[in-house]
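A structural walkthrough
Spelled out, the chains give:
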Amino acid sequence: MIEVTKVRAARERPAAVLLTERAQARIGALMATAPDSAIGVRLSTPRRGCSGLAYSVDYVTNAIAMDERIVTPGGTLFIDGASVLYLIGSTMDWVEDDFQAGFVFANPNAKGSCGCGESFTV
């Protein structure tokens, strides 16, 4: 007699970062004017600033296997594999007003930030 084992289908894991429509549109705009070698943009959290970590968004020219990938209609957002734990559950938005424009992050993992808002701590 042959024993049959049921195999569960792997459920899709939610993205580490939720992108608003404005953030997705901005990624599309960046990719529309990106250098030919760019394959997407990478979000990382390098050590800098007075609180310890900062958000950095840069063009990507080569994929790294450990990077998380979020495909948007305008291009791919790569999340640095070493930064994912600091970003899980975050929302990434693009905000423009009369005085500034930039990506804004609502990060539930951030325990504090510096006065200027350039860096955060977990």
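Residues numbered from 1 in each chain as written. Predicted model: local features only at pLDDT ≥ 70, side-chain atom pairs only at ≥ 80, totals over all residues. Heavy atoms only, no water.

Side note on the packing of aromatic side chains
- Applying the stated rule across the entire model yields two aromatic pairs.
- Seen from their ring centres, Tyr 55 and Phe 105 are 4.0 Å apart, and the 15° between their planes marks the pair as stacked. Of this pair, Tyr 55 sits in the loop between strand S4 (52–53) and strand S5 (56–60) while Phe 105 sits in strand S9 (residues 101–106), placing them 50 residues apart in sequence.
- For Phe 105, a relative accessible area of 16% gives the class buried.
- Centre to centre, the rings of Trp 94 and Phe 103 are 4.9 Å apart; their planes meet at 70°, and the pair counts as edge-to-face.
- Among the residues examined, Trp 94 registers a relative accessible area of 12% and is labelled buried.
- Over the aromatic face of Trp 94 sits the side chain of Arg 26, whose NZ or CZ is 4.5 Å from the ring centroid. (Phe/Tyr/Trp six-rings, centres within 6.5 Å; stacked < 30°, edge-to-face > 60°. Helix = DSSP H or I, 4+ residues; strand = E, 2+ residues; numbered from the N terminus. Buried < 20%, exposed > 50% of the residue type's maximum accessible area, 1.4 Å probe, protein only. Lys NZ or Arg CZ within 6 Å of the ring centre and 35° of its normal.)

Remarks on the sheet that holds strand S1 (residues 17–19)
- With respect to topology, three strands assemble into an open sheet ordered S1-S8-S9, the strand pairing being mixed. Each of the sheet's edge strands pairs with one partner strand only, and the pair in question is S1 and S9. Looking at each pair of strands side by side, their axes are set apart by 30° on average, direction ignored.
- One ladder, built from six bridges, connects strand S8 (residues 90–96) with S9; its direction is antiparallel. Across the sheet, residue Met 92 finds its bridge partner in S9, namely Phe 105.
- Sheet strands in contact with helix H1 (residues 21–32) are S1, S8 and S9, and its direction is about 70° off that of S8. (Pairing = 2+ DSSP bridges. Axes fitted to C-alpha atoms, helices over the stretch in contact; angles between N-to-C directions. Contact = heavy atoms within 4.5 Å.)

Concerning the side chain of Ser 56
- Tracing the sequence through the fold places Ser 56 in strand S5.
- For Ser 56, the side chain forms a polar contact with the side chain of Asp 58, separated by 2.8 Å. (Polar contact = N/O pair within 3.5 Å; in protein donor to acceptor, adjacent residues only side chain to side chain.)

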